[in-house]
Structures are given as C-alpha cells and as structure tokens.
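# Coordinates in review
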Amino acid sequence: MRLRYQFRFYPTDEQALELARVFGAVRYVYNWALQLRSDAYRDGKEIGYHESSAALTALKHREDHAWLNDISSVPLQQSLRHLHTAYSNFYDRKAKYPEFRKKHGDQVADYASTAFSWDAANRNLTIAKIGSLDIRWSRSFKSEPKTVTISKDRSGRYFVTLTLDEAINPFPKSGINAGLDLGINRLATLSTGERIANPKRTSKFVIKLARAQRALARKQKGSVRHENARLRVAKIQAKIGDTKLDYLHKTTTDLVRRFDVICIEDLNVNGMVKNHNLANAMGGAGFCVLSRMLEYKCEWYGKELVRVNHRFPAGKTCSTCGHIGKSLPLNLSEWTCSECGTRHDRDKNVAINILAVGLTDNKNARGGKHQTRESSTLKGSTRRSVNQLSKHGA
Ligand SMILES: [Zn+2]
C-alpha cells in the first residue's frame, strides 16, 4: 500500500537559507507556469505539462533567470507536475481553478528519488543541494522512501513527508454497515442514530487567537513586529488545526474499524463552495478532509466507502415507507411521515436513506461488470488520488 508519513525536522541555519531559496524558486516557477497556462486558457488554448516543461528549459537559459539553475531541477519540475494535476482536477470539476501561491502560505518542494538518498541502517535522509536532515522519527517504517516532500507551514515548522510502500493489516469484518449524514451543528449523524460532535475548539486557544489577531492588527505592515505577530497568529492557528486534524483522524479510524461499508453523500467541491453555510460551519475544507480520510482508510483497512449522489432527496424521503414528502423547513429536527405516520429524527432518517441507496449502488456495481467500469470512468479519477491526499498517514 502506498502511504505518506510525515515527520518534523529541524534545519540548520544554512539549510533554512537554502530551503528558503528552493521554496521561492518552486513558487516562482509554479506561478510563472500558471500565468503561462492561464493566458493560453483565456485564448481558448491549452498548454500541457510537456509544453510548460519545454518553456521552463528556455526560461532557465535566459540571463535574467540564471538563478534558477542554482536550484535542484527536480523540485522545479515537480512543481510543474503539481500544476498539471491542479488543472486536471479543475477540468474534472473536482477543484476550483488553480490559484497563485503566496509567499506566506505553506511552502512545498518535492523531490523524486533521483534527488535524495536514503541510508536505512543509519536512518539518514540526504537531499540534493540541502544535505542530511535532522528528522524526529516519530514512527517506524520498513520500506524505502519513493518520494520526499519538504514543507514549511505558515507558523514556521518544517516537515518532511515520505511516500512509502508499506504493508497494512486489514481490520476484521464487523458485519455492520453505516450511512453518514454530514451536518453543520454536528460532524455527522449515523444511520444507527449515533451522533458525532464537531471537533471542539478549546476556549483557551480561541482567546489566545483573538488576542494575537488584535495585536497583529495594531502592527504596521512590513515591519519586523508585524511579521512576529503574524507568526504568533499562525502558530496558534496551527495548534488549532492540529487538534482538529487529530480528532478527525481518531473519528475516521474508529468508523472504519467499526463498519464494513460506509456510505456518505458525494459532495463535490463546487457545490460545497456555493453552499456558504456549510463551508463556513466546517471551517473550510472539513467535509472534504473527512471524506478523503474515510476514502483512503477504507482502502488501507479493507473496508468500503460508497459515495451517494447528493442530488437525491434524502431529506424528505421517508426511510420506512419510501414516501417522498414536501421539503422540510431548515430548523425542523423531527418530522412525521404523512403516509405511514413514522416519527423521524431528521438527520438519522437522511443517514438511513444514504445507507440504503449506497448499498444498492454498491450491489449494482458489483453485479454488472460493465456498469462498474462505466461508473468509475464517469466519476473521474477519485481512486487514483486516494493515497496522494493523506497528510499524517494515520
Ligand atoms: Zn413513511
């Protein structure tokens, strides 16, 4: 199984300087190629990976861009590949149009196997033009790293992410399946009636963040004090993000352990963005992170995730008799079916409907091989990207 493990590392001063140059060059090339492709896109033309790669070679020959030659060519090339993937996701309607990368955003540089060496006996990772890294190995692994990603987050922390081929023991089958209704007030309601709360924001962090943000607003832009205040805000936000991610990891692993087939609504990115209420409540990409985690963990542990088309009227369909009633007002948490008289918990009813449709879809897909193939090509390349998306690997 292809996995991604992330570790923290501490660069020397020289390495930090060199990495700043690498991140800058990677960002520069990414934005330059994005401009190139955007101009073409506006003219109704398309520039692919190979054309942008040829253009980069030409750019490096220009005198005013000679500095690019001091940087290992591998992360620059990888940056063009990432842009290409971003375009593919955009064309597949899985993501928004690619955006320019900012200086203060997360910084990333990718190294293919030609640009690093791994000494398994001494657990030593050496990167081209950077040298050996001081890594805190927080977990063990047996295989050779296939790719290495070096990143620096907004709060100034450095990480190295390794792609590995590791064997994973599947979870035993439980014989129980579940439907999930993702919500605003809570993370999800299960078809069993169980409710999963949203990750808690501890008030300690909320107060700290508010204070740091007020301090940042008082500082003059571009000053050293402003930069320090920005870092403090970013560090608190990183803590909050880590806590949230931890919670999502625990929750999703628990779900995958307990259920054999998990059915969720297929929320596409564009739909999510349009639905401001949902996007805001989840603090941005929460839903996407949750469904991505479920997707790759199901694959790791031998379980199944079924995405159910979200356009079917799960909310107003009675899960007992199948009667489709009138639309319900948003604030209604319980309702009674006019046909069979069943009293429903709104969210649990949705979850049961999602489970029923998901299991039927799944059965049909397995029954007819043609259907499987057809629907998997229609739905695009979600499977392909499963393992590219995990961040912490657990
Ligand atoms: Zn009914």
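Right, let's talk about the overall build of the protein for a bit. Helix and strand content of the protein: 11 helices and 15 strands. If you take every contact in the protein between residues at least 6 apart in sequence, the share linking residues at least 24 apart comes to 68%.

Moving on: the packing of helix α4 (residues 203-218) against helix α5 (residues 224-258). Taken N-terminus to C-terminus, the directions of α4 and α5 make an angle of 160°; their axes are 9 Å apart at the nearest point. With respect to each other, α4 and α5 are oriented roughly antiparallel. For the pair α4 and α5, the crossing hand works out as left-handed. Where α4 approaches α5, its residues Phe205, Lys208, Leu209, Ala212, Gln213, Ala215 and Leu216 are matched on the opposing element by Ala229, Arg230, Arg232, Val233, Ile236, Gln237, Lys239 and Ile240.

Positive phi outside glycine occurs at Arg93, with the angle close to 60°. Examined against the element boundaries, Arg93 turns out to sit in the loop between α3 (73-91) and β2 (107-111).

We now examine the nonpolar core. Formed by 30 residues in total, the largest nonpolar core has its most connected members in Val22, Val26, Val29, Ala109, Tyr111, Ile127 and Val148. Only α1 (13-42), α3, β2, β4 (124-127), β7 (147-152) and β8 (158-165) provide two or more residues apiece to this core. With nine residues, the top contributor of residues to this core is α1. Ranked by size, the runner-up nonpolar core spans 28 residues in total, among them Ile264, Leu290, Val306 and Ile354.

With respect to topology, five strands assemble into an open sheet ordered β2-β7-β8-β1-β6, the strand pairing being antiparallel. At either end of the open sheet lies a strand with only one pairing partner, and these are β2 and β6 (135-136). Where strand β1 (residues 2-9) lies against β8, eight bridges are found, and the strand directions are antiparallel. Looking at the pairing, Arg4 lines up with Thr163 of β8. Packed onto the sheet, α1 meets β2 and β7 and runs at close to 90° relative to β2.

Between its first and last C-alpha atoms α4 spans 23 Å; for 16 residues at 1.5 Å apiece the expected length is 22 Å, and the two agree. The buried fraction of α4 amounts to zero of the 16 residues, a small share that puts the element mostly on the outside.

The next subject is the sheet that holds β4. Strands sit in the order β3-β4-β5 across an open sheet of three strands; the sheet is antiparallel. With partners counted over all chains shown, the strands left at the sheet margins are β3 (116-119) and β5 (131-132), one partner each. Strand direction decides the pairing type here: β4 and β5, joined by two bridges, are antiparallel. Paired with Thr126 across the two strands is Ser132, which belongs to β5.

Right, let's talk about the pairing of strand β12 (residues 261-266) for a bit. Inspection of the sheet shows strand β9 (residues 178-182) paired to β12 by three bridges, in the parallel sense. Residue pairing across strands places Leu180 opposite Ile264, the latter belonging to β12.

Turning our eyes to something else, we now look at the environment of Tyr30. Relative to the helices and strands, Tyr30 resides in helix α1. Separated by 70 residues in the primary sequence, Tyr30 and Phe100 place their C-alpha atoms 7.8 Å from one another. Beyond its immediate stretch of four places on either side in the chain, Tyr30 contacts Ser79, Leu83 and Arg101.

Glancing now at the confidence of the model for the protein. Looking at the protein, the pLDDT average stands at 85 and 87% of residues meet or exceed 70. Every residue in residues 278-284 scores below 50 in pLDDT, and together they form seven contacts with partners more than four places removed in sequence or on other chains. Note on residues 369-394: pLDDT under 50 across the span, and 26 contacts to partners over four residues away in sequence or across chains.

Criteria and thresholds
Residues numbered from 1 in each chain as written. Predicted model: local features only at pLDDT ≥ 70, side-chain atom pairs only at ≥ 80, totals over all residues. Helix = DSSP H or I, 4+ residues; strand = E, 2+ residues; numbered from the N terminus. Contact = placed C-beta atoms within 7 Å. Axes fitted to C-alpha atoms, helices over the stretch in contact; angles between N-to-C directions. Parallel < 35°, antiparallel > 145°, perpendicular 65-115°, else oblique. Left-handed = near helix turned anticlockwise from the far one by under 90°. Core = buried A, V, L, I, M, F, W, Y, C linked by C-beta atoms within 7 Å. Buried ≥ 20, exposed ≤ 12 C-beta atoms within 10 Å, placed from the backbone. Pairing = 2+ DSSP bridges. Expected span 1.5 Å × (residues − 1). pLDDT = per-residue confidence, 0-100.

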